[in-house]
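Each chain is listed here by its residues.
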Amino acid sequence: MAIAIAIAKKNTAKTPEVILPAYGCPDLVAAVLAQEAKPVLVDLVPGAPFMDLEQLKKAISSTTVALVGVGLLGIPERLDRLSQLCQDSGVTLIEDSAQCFPPASNRRQWADLIVLSFGRGKPVNLMGGGALLVRRNNLALAKQILEQFPLLEMKIGLGWKVKRMVFNLFLRRFPYFLLEKLPGLDIGETKFRALEEARRVALPEQLVFSGIHQFRKRLPIHRSYLAQLQLLKQAGWDFLDEETPSSNAQSVPRNRFAILAPSAHKRDLAERALNRAGIGASSFYRCILPEIDGVPEITGASSYPNARKFSDRLLTLPCHEDVTEADIALAAEVLIRSSQD
Ligand SMILES: *Cc1c(COP(=O)(O)O)cnc(C)c1O
């Protein structure tokens, strides 16, 4: 829907283009293709989930309608810089805040449009759905575009309540590595799925507020990880947090805590050791967008060396409310031991 609005804002005769980071969620590619636009990928800077600004400038053309700035694992993109670039070139800036809550553009009006996900594994988890936040100056046009999408009423009936109960009582407490092995539950598996139809869902306001409230109650336990894992630095590991420009990001609760291993091999060893110890570590998407299973041919540069390196090195640790200080100490011990092997 955000892309449909961006297309309507900038009428181009040719196929509209949308710029995405080369490492990320394949649903972004599906969203662009669903609006008959062309995804254009941009490499990252070394060792961080941010787009390379020089590459980005080269990727912007007269047919570029939107740039998607993606906040990964609670760390927002450098929206101040992206916003400047977009203003200079008449491109709509979409903040994908599916993994960050609240969105960075909540504090400063950097993005024109913000997307939130309320899906499983996201900060505000309502087991599905999401939100599109629209800047006031875009509101009239956005309303016109949004009306073209079918609207569903969401009923919180018995079926929904049973699903939530199962989710809360069982799935959430179940070790992640076991979940991955259950047939039919494709958690942890990254696959491309085409988006057949985008629909609006009238989520009950109360449900959204309660999801936000649940997330706000969490503690910023990623700071404990940060404190306990300092020894890893000497073994060549890096922390994404030190690249975070906004100090605010440190005190907001996270969904997962991200670290970068010295190599893909070390990352894989650590992930296995952690999962064996019962810590739900995950290496996330594991490959760059063009290499994700089922992603259609997409254009852009011929290679994305920094994004590839990032996908090889990334390891994420759980930050949900059941993670205790003892779990963090155990994770630190396992990680430090595995990095010495
Ligand atoms: C999960 C995710 C999405 C897609 O959100 P859904 O609500 O599952 O469609 C988009 N972008 C990012 C960065 C995500 O993590």
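For the structure itself, look to the data block above.
Residues numbered from 1 in each chain as written. Predicted model: local features only at pLDDT ≥ 70, side-chain atom pairs only at ≥ 80, totals over all residues. Heavy atoms only, no water.

A. The arrangement of the sheet that holds strand E5 (residues 113-117) in detail. In space, the seven strands of this open sheet follow the order E6-E5-E4-E3-E1-E2-E11, with mixed pairing throughout. On the outer flanks of this sheet lie strand E6 (130-134) and strand E11 (299-300), each paired with one strand and no other. Those strands touched by helix H1 (residues 2-9) are strand E1 (17-21), strand E3 (64-70), strand E4 (92-96), E5 and E6, and its axis lies near 170 degrees from that of E4. In the packing of helix H4 (residues 79-89) onto the sheet, the strands contacted are E3 and E4, and the crossing angle to E4 comes to about 155 degrees. (Pairing = 2+ DSSP bridges. Helix = DSSP H or I, 4+ residues; strand = E, 2+ residues; numbered from the N terminus. Contact = heavy atoms within 4.5 Å. Axes fitted to C-alpha atoms, helices over the stretch in contact; angles between N-to-C directions.)

B. Main features of the pattern of salt bridges. What the rule picks out here adds up to 10 salt bridges. Its salt-bridge partner being Asp238, residue Arg313 comes within 2.9 Å of it at the nearest N-O pair. One end of the pair, Arg313, is in helix H11 (residues 305-313); the other, Asp238, is in strand E9 (residues 238-239), and 75 residues separate them in sequence. Between Arg267 and Asp268 there is a salt bridge, with the nearest N and O atoms lying 2.9 Å from each other. Where salt bridges share partners, they join Arg267, Asp268, Glu271 and Arg286 into one cluster. (Salt bridge = Lys/Arg side-chain N within 4 Å of Asp/Glu carboxyl O.)

C. Here's a closer look at the site of the ligand. Around the ligand, the structure places Cys25, Asp27, Val70, Asp96, Ala98, Gln99, Ser117, Lys122, Gly129 and Tyr285. The protein chains hide 74% of the 390 Å² of surface that the ligand would expose on its own. For the shell around the ligand, a count of residues per class yields four nonpolar, three polar and three charged. (Near = heavy atom within 4 Å. Areas by Shrake-Rupley, 256 points an atom, 1.4 Å probe, with all protein chains shown as cover. Nonpolar A, V, L, I, M, F, W, Y, C, P; charged D, E, K, R; others polar.)

D. The nonpolar core, seen in detail. Grouped together as the largest cluster of nonpolar side chains are 50 residues, with contacts concentrated most on Val18, Leu20, Tyr23, Phe310 and Leu314. No other element matches H1, which puts five residues into this core. If we skip the residues at most four places from it in the chain, Leu314 touches Tyr23, Leu73, Leu240, Ala258, Ile259, Leu260, Arg267, Ser283 and Phe284. In terms of nonpolar packing, the next biggest core, distinct from the first, is built from 32 residues, Val42, Ile60, Leu79 and Val91 among them. (Core = buried A, V, L, I, M, F, W, Y, C linked by side-chain atoms within 4.5 Å. Buried < 20%, exposed > 50% of the residue type's maximum accessible area, 1.4 Å probe, protein only.)

E. Spotlight on the side chain of Arg256. The residue Arg256 is located in strand E10 (residues 256-260) in this model. We note that Arg256 is buried and unpaired, the nearest opposite charge coming from Glu271 at a distance of 7.8 Å. Within polar-contact distance, the side chain of Arg256 engages the backbone oxygen of Gly280 at 2.6 Å. One polar contact links Arg256 to Thr316, side chain to side chain, over a distance of 2.7 Å. Once residues lying within four places of it in the same chain are set aside, the contact partners of Arg256 are Leu73, Gly280, Ala281, Ser282, Phe284, Thr316, Leu317, Pro318 and Cys319. (Lys, Arg positive; Asp, Glu negative; His and termini not counted. Polar contact = N/O pair within 3.5 Å; in protein donor to acceptor, adjacent residues only side chain to side chain.)

F. A look at the packing of helix H10 (residues 264-276) against helix H12 (residues 325-340). It is at 9 Å that the axes of H10 and H12 come closest, and there the two elements cross at 140 degrees. Relative to H12, the element H10 lies oblique. Helix-helix and strand crossings are classified by hand; for H10 and H12 the assignment is right-handed. Of H12, the residues touching H10 (which contributes Lys266, Ala270, Ala273 and Leu274) are Ala331, Val334, Leu335, Ser338 and Ser339. In terms of residue class, the contact of H10 with H12 is built from six nonpolar, two polar and one charged. (Parallel < 35°, antiparallel > 145°, perpendicular 65-115°, else oblique. Left-handed = near helix turned anticlockwise from the far one by under 90°.)

G. Main features of the packing of aromatic side chains. On inspection of all chains with the given rule, the structure shows six aromatic pairs. Look at Phe284 and Tyr285: their rings are 4.8 Å apart centre to centre, the planes differ by 50 degrees, and that puts the pair in the tilted class. Residue Tyr285 is classed as buried on the basis of its relative accessible area of 11%. Through a chain of ring-to-ring contacts, the aromatic side chains of Tyr23, Phe284, Tyr285 and Phe310 assemble into a single cluster. (Phe/Tyr/Trp six-rings, centres within 6.5 Å; stacked < 30°, edge-to-face > 60°.)

H. Inspection of a nonpolar patch on the surface at higher detail. A surface patch of nonpolar side chains, amounting to about 280 Å² of accessible area, comprises Leu158, Val162 and Val166. Turning to its location among the elements, Val166 is positioned in helix H6 (residues 158-171). Classification of Val166 by relative accessible area gives partly exposed; the value is 39%. (Patch = residues over 30% accessible without salt bridge, like charges linked within 9 Å, V, L, I, M, F, W, Y side chains within 5 Å.)

I. Spotlight on unusual backbone geometry. Here the amide bond leading from Phe101 into Pro102 is cis, since omega sits at -5 degrees, within 30 degrees of zero. By the secondary structure assignment, Pro102 is in the loop between E4 and E5. Residue Leu73 is not a glycine yet carries a positive backbone phi of 50 degrees. Within the element layout of this structure, Leu73 appears in the loop between E3 and H4. Judged by its relative accessible area of 4%, Leu73 is buried. Non-glycine residue Met127 carries a positive phi angle of around 65 degrees. Mapped onto the elements, Met127 comes out in the loop between E5 and E6. Among the residues examined, Met127 registers a relative accessible area of 18% and is labelled buried.

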